[in-house]
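One-letter residues, chain by chain:
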Amino acid sequence: MSNGRTLTASRNTEPEASSFVKDFLALIKIGIVNSNLVTTFTGLWLAFQFTDKHFLQELDVMFYTLVGAAFIIAGSGAMNNYIDQDIDPIMKRTKSRPTVTGRFKSSFVLAIALSLLIVGEILLFMASFAAGMWGLAGILSYVVLYSMWSKRKHVSNTVVGSISGAIPPLIGWAAVEPALGSGALALFLIMFVWQPPHFYALAMKRTEEYRAANIPMLPVVKGFARTKRSMLAWVLLLFPLPFLLMKLGIGFIILATVLNLGWFGLALTGFKAADDLKWANKMFIYSLNYMTILFVSMIIFSVFA
Ligand code: HEM
Ligand SMILES: CC(C)=CCC/C(C)=C/CC/C(C)=C/COP(=O)(O)OP(=O)(O)O
């Protein structure tokens, strides 16, 4: 009997624990947190390389910056899910979120979001005042300018959201060198220009869901042909940006240009694609590999620069 109870108890607790963790990771959008930590770390690392500061003397700053950035990005993601509780049930992609299933109560989500944002900001201010201020800018642009305002009202919502997504490298850089400089600007511009084609590809795949939720994403408002032209234009804008990072050497410039040529070539095939959604999925997958390879290569090339 007791074994049965123990067995039942252990069986019940395991699924509960794993589903709580799964729900929590979905709430904070862990995939986006992890990848934004790559760009935050790159900003931090290049600032060390481009100034005379050595990271071994600043391990505390690295800790405050990376944990602080992770917390505010996670907190912003949770706040975004709190705000989107009315539209997420309508979209297939988002309807299994704990804010939709009711597994997480709204009050709990708000408490988690605010706690993460406050602790994250304290850590960033411990890294540097400038890092804390850039963190605030990222929170306000993602939560207020994007989630609360433009996402629901304007077809330019993605461009507005791209401001927040381009701020993490500035947080990393400002933790080491508050004055930023051309290298930090380059990282900001690369991330700003990378996001629209990254997201428009996904928005094309989810057009009917966004239409049902009345969210004015570009493919919903202007159609696929216009979205393809826009994606091509944004990818074209990426070509000059690696040249702002000449300090990383010609090897980086060549790699970045090859990545840009690949994405441009793929974007061109969209105009002849027999299956738009298959092509859009390729563009989305390419965007994720592009960003990871580009930013990791910056870190590697900076060691030999
Ligand atoms: C305008 C800005 C952006 C928009 C609208 C956007 C939108 C999205 C959406 C809707 C998804 C699918 C997530 C899901 O289905 O739950 C996604 C996935 C993803 N995004 Fe973005 N994103 C943006 C910026 C970024 C940035 C700045 C990064 C990283 C630096 C990023 C990295 C990722 C990654 C790694 C995934 C796949 C992992 C996952 O599904 O969680 N995104 N994006
Ligand atoms: C410093 C700081 C806080 C930076 C923010 C970095 C970050 C989270 C960038 C992603 C921006 C974005 C528009 C995501 C999609 O939200 P969505 O509401 O379109 O996604 P969903 O439909 O999956 O909820």
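Cut-offs applied
Residues numbered from 1 in each chain as written. Chains lettered and ligands numbered in written order. Predicted model: local features only at pLDDT ≥ 70, side-chain atom pairs only at ≥ 80, totals over all residues. Heavy atoms only, no water. Near = heavy atom within 4 Å. Polar contact = N/O pair within 3.5 Å; in protein donor to acceptor, adjacent residues only side chain to side chain. Areas by Shrake-Rupley, 256 points an atom, 1.4 Å probe, with all protein chains shown as cover. Helix = DSSP H or I, 4+ residues; strand = E, 2+ residues; numbered from the N terminus. Nonpolar A, V, L, I, M, F, W, Y, C, P; charged D, E, K, R; others polar. Phe/Tyr/Trp six-rings, centres within 6.5 Å; stacked < 30°, edge-to-face > 60°. Lys NZ or Arg CZ within 6 Å of the ring centre and 35° of its normal. Patch = residues over 30% accessible without salt bridge, like charges linked within 9 Å, V, L, I, M, F, W, Y side chains within 5 Å. Salt bridge = Lys/Arg side-chain N within 4 Å of Asp/Glu carboxyl O. Expected span 1.5 Å × (residues − 1). Contact = heavy atoms within 4.5 Å.

In the nomenclature of an unreviewed UniProt entry, the protein chain is known as Protoheme IX farnesyltransferase of Viridibacillus soli.

## Thoughts on the site of ligand 2
Taken together, 19 residues are adjacent to ligand 2, and Lys-29, Arg-93, Arg-97, Tyr-146 and Lys-151 come closest. At 3.0 Å from an oxygen atom of ligand 2 is found a side-chain nitrogen or oxygen belonging to Tyr-142. Lys-151 places a side-chain nitrogen or oxygen 2.8 Å from an oxygen atom of ligand 2. In isolation ligand 2 offers 640 Å² of accessible surface; the protein chains occlude 91% of this area. Broken down by element, the residue count for the shell around ligand 2 peaks at 5 residues, all from helix H6 (residues 129-153). When its residues are assigned to classes, the shell around ligand 2 shows 8 nonpolar, 6 polar and 5 charged.

## Description of the packing of aromatic side chains
One pass over the full model with this rule turns up 17 aromatic pairs. A ring pair is formed by Trp-263 and Tyr-286, whose centres lie 5.9 Å apart and whose planes are at 25 degrees; its orientation type is stacked. Of this pair, Trp-263 sits in helix H12 (residues 250-269) while Tyr-286 sits in helix H13 (residues 276-304), and the two are 23 residues apart along the sequence. Among the aromatic residues, those joined into a cluster by ring pairs are Phe-20, Phe-24, Phe-104 and Phe-108. The ring centre of Trp-279 lies 5.8 Å from the NZ or CZ of Lys-228, which sits over that ring. The ring of Phe-50 carries Lys-247 above its face, with NZ or CZ at 4.6 Å from the centroid.

## Quick look at a nonpolar patch on the surface
A cluster of nonpolar side chains, contributed by Leu-140, Val-144, Leu-145, Met-148, Trp-149 and Ile-163, occupies part of the molecular surface with about 520 Å² of accessible area. With respect to the element layout, Trp-149 can be found in helix H6.

## Re the site of ligand 1
For ligand 1, the set of nearby residues contains 20 residues, the closest of which are Arg-93, Gln-195, His-198, Phe-199 and Leu-202. One nitrogen or oxygen atom from the side chain of Arg-93 is found 3.2 Å from an oxygen atom belonging to ligand 1. Only helix H2 (30-50), helix H7 (157-165), helix H9 (182-205) and H13 provide two or more residues apiece to the shell around ligand 1. Among the elements that make up the shell around ligand 1, the one with the highest residue count is H9 (6 residues). Its residues assigned to classes, the shell around ligand 1 shows 9 nonpolar, 9 polar and 2 charged.

## Some words on H12
With 20 residues, H12 should reach 28 Å at 1.5 Å per residue; the first-to-last C-alpha distance of 29 Å fits that figure. Structurally, H12 contributes buried residues whose contacts are with H9, helix H11 (218-237) and H13.

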